[in-house]
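Close look at the chain arrangement
Now for the letters of each chain:
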Amino acid sequence: MNKLCTNNLRKFRFYGIDGLGNLFLDIQISRKKREGENSMSRPVRFLHGAWTIILASLALSCSSGSGGGLEPSPPNPPPPPPPPPTAPLISGKAIPLYPEMGTSNLLVYVRKGTNADSSTVASDGSWTVSSFLLRDELDVERLVDNRGSLRRFYPSLSVIHKEDYTRMDACVLLPTKYTHRAGQFAGQTLDVGLAEVFTIAIGPMGNSSFWKRTGSALQVYHTRTWKQPPVRIAFDHEGTKERISAQDSVVFFSNMEPINHATGRQYVVAASKPDLNVRQTPDGLRWDGILIRKDPMNSGFGIGDDDEGNIGSKGFGFRPDLFRHKHYTIHEMGHMVFGVGHSVWKSIMSPVIDESGPMFTPKDVMYMNLLYDVAEVQRATGTKCGIREADRGRLWMESLRP
Ligand SMILES: [Zn+2]
């Protein structure tokens, strides 16, 4: 009956009572409109007596919500509920440095102050977080962390600026343990200690950490290594009267062998100067290999990088009296080939060379290999996110310790 009132019986009104007491109602019936069909209006005559029953029942059934009476207005439908607000999305990819480490039990947090939203990381490393924190277009923190107490990776913490919300944020995850896969120390597993690798070693030739933080806080951090091994090494006689003899060359490259032996990779190969490409930079000429000279001033230029992360060498001047000295050669080439500074642990890369110590320690080789491995994955995946974010994650993790 209600359906009739609200849907079909659009309008009826008291039409009149004739002398016999018969009631006339003008009933307008709207059917669901089919094509070409209009609503109908027809006067209906009811016998006296019957109309009172009909009138009463209509009044009863149609009175609800309309105050009763014979002319109810259709009830106003409630306004549709507003659509539920949707939080902006941010997505990215977690890339384990070594694929066998997998992405299980990884969580991604989008944080601002004490507020955080999170999501799990899929098996292919992809993740998406929905967070209202992104609605305010502020800088937020993105933290990728291991669930549970065992950390296979350093937490990766980065600040995402509002203009980067929609960019796919891929980041290489640094392991907390490293197993040598090849070379002199194959099979040995060590802790990766980001604290020690960034600790400044104090030495007579200057202070430096083993790994370098390049660029200012606002610049993109990149790992400072050569593009890929092997690094070409050539001798240079320009600008010096000191000659490098054939015998010098044999001894020099023989002294380089511990690098390839310890790492299990061919990191250095002999080349000639014309093989190397050179380019002009604001800091002078840079070669895409290492030029070795004899230079009484022991001019150690090392390697450098430009804003795009292109590595280049200005060359290196070895002291003539030390040209065939094995520890000295390895130490200096450690700087040149791997881009590392000085170690705070006892090694060939200590600020003061220990001639009685081993050529390389498992730790030296681990950190040298890690730099190249991170750089290689970053190039393959087109991201610069990795070591800096792991270092930030490490600092955050240490701040949680009582
Ligand atoms: Zn040094």
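Since this is a predicted model, take the numbers as computed values, not measurements.

Re the overall build of the protein chain
The helix and strand tally for the protein chain stands at seven helices and 20 strands. Within the protein chain, the fraction of its 402 residues that count as buried is 30%. Sequence-distant contacts in the protein chain: of pairs separated by 6 or more residues, those separated by 24 or more amount to 59%.

Some words on helix H6 (residues 362–381)
With 20 residues, H6 extends 28 Å between its outermost C-alpha atoms, agreeing within 8% with the 28 Å of an ideal straight helix rising 1.5 Å per residue. Positive phi shows up at Gly382, right after H6, with a value of about 70 degrees.

Some words on helix H5 (residues 326–338)
With 13 residues, H5 ought to run about 18 Å at 1.5 Å a step, and its terminal C-alpha atoms sit 17 Å apart, in line with that. Burial in H5 covers these residues: Thr329, Ile330, His331, Glu332, Met333, Gly334, Met336, Val337 and Phe338. Positive backbone phi, at 70 degrees, marks Gly339, one or two positions downstream of H5.

Overview of the nonpolar core
Ranked by internal contacts, the top residues of the largest apolar core, which has 68 residues, are Leu173, Tyr367 and Leu371. In terms of residue count, the dominant contributor to this core is H6 (10 residues). Mapping this core onto the domain boundaries places at least three of its residues in each of domain 2 (89–174 + 395–400) and domain 3 (186–381).

A word on the sheet that holds strand S9 (residues 156–160)
The four strands are arranged S6-S5-S8-S9 in an open sheet whose pairing can be described as antiparallel. Of all strands in the sheet, those bounded by a partner on one side alone are strand S6 (115–120) and S9. This sheet shows a mean twist of 20 degrees between the axes of neighbouring strands, independent of strand direction. Two elements, strand S5 (residues 106–112) and strand S8 (residues 140–146), share six bridges in a ladder whose sense is antiparallel. Bridge pairing in S8 links Arg111 to Glu141.

Description of the sheet that holds strand S7 (residues 126–130)
By way of backbone hydrogen bonds, the strands of a sheet pair with one another, either parallel or antiparallel. The three strands lie next to each other as S7-S4-S10, forming an open sheet whose pairing is mixed. Of all strands in the sheet, those with a lone pairing partner are S7 and strand S10 (169–173), marking the two edges. Neighbour-to-neighbour, the strand axes of this sheet turn through a mean angle of 30 degrees, independent of strand direction. Two elements, strand S4 (residues 89–96) and S10, share five bridges in a ladder whose sense is parallel.

Structural notes on the environment of His335
Its place among the elements puts His335 in helix H5. Residue classification places His335 among the partly exposed residues on the basis of 18 C-beta atoms within 10 Å. A sequence separation of 125 residues divides His335 from Phe210, and the C-alpha atoms of the two residues are 9.3 Å apart.

Some details on the packing of helix H4 (residues 246–263) against H5
One way to put it is that H4 packs onto H5 with a least axis distance of 9 Å and a crossing angle of 65 degrees. The element H4 and its partner H5 pack so that their crossing is right-handed. Two secondary-structure elements touch here, H4 through Phe252, Asn255, Met256, Pro258 and Ile259 and H5 through Lys326, Thr329, Ile330, Met333 and Val337. A class-by-class count of the residues in the contact of H4 with H5 yields seven nonpolar, two polar and one charged.

Digging into unusual backbone geometry
Positive phi outside glycine occurs at Asn105, with the angle close to 60 degrees. In this fold, Asn105 is placed in the loop between S4 and S5. Here Asn105 falls in the partly exposed class, since 13 other C-beta atoms lie within 10 Å of it.

With respect to the pairing of S4
As paired strands, S4 and S7 are joined by five bridges and run antiparallel to one another. By the bridge assignment for S7, Ile90 is matched with Val129.

Notes on the confidence of the model for the protein chain
Of all residues in the protein chain, 75% have pLDDT values of 70 or greater, and the mean over the chain is 79. Low confidence marks residues 62–69, where pLDDT is under 50. Its contacts with residues over four positions away, or in another chain, come to nine contacts. Low pLDDT, under 50, characterises residues 216–223; the predicted model gives this stretch 17 contacts beyond four residues in sequence or across chains.

Rules of the game
Residues numbered from 1 in each chain as written. Predicted model: local features only at pLDDT ≥ 70, side-chain atom pairs only at ≥ 80, totals over all residues. Helix = DSSP H or I, 4+ residues; strand = E, 2+ residues; numbered from the N terminus. Buried ≥ 20, exposed ≤ 12 C-beta atoms within 10 Å, placed from the backbone. Contact = placed C-beta atoms within 7 Å. Expected span 1.5 Å × (residues − 1). Core = buried A, V, L, I, M, F, W, Y, C linked by C-beta atoms within 7 Å. Domains from an automatic or database assignment. Pairing = 2+ DSSP bridges. Axes fitted to C-alpha atoms, helices over the stretch in contact; angles between N-to-C directions. Left-handed = near helix turned anticlockwise from the far one by under 90°. Nonpolar A, V, L, I, M, F, W, Y, C, P; charged D, E, K, R; others polar. pLDDT = per-residue confidence, 0-100.

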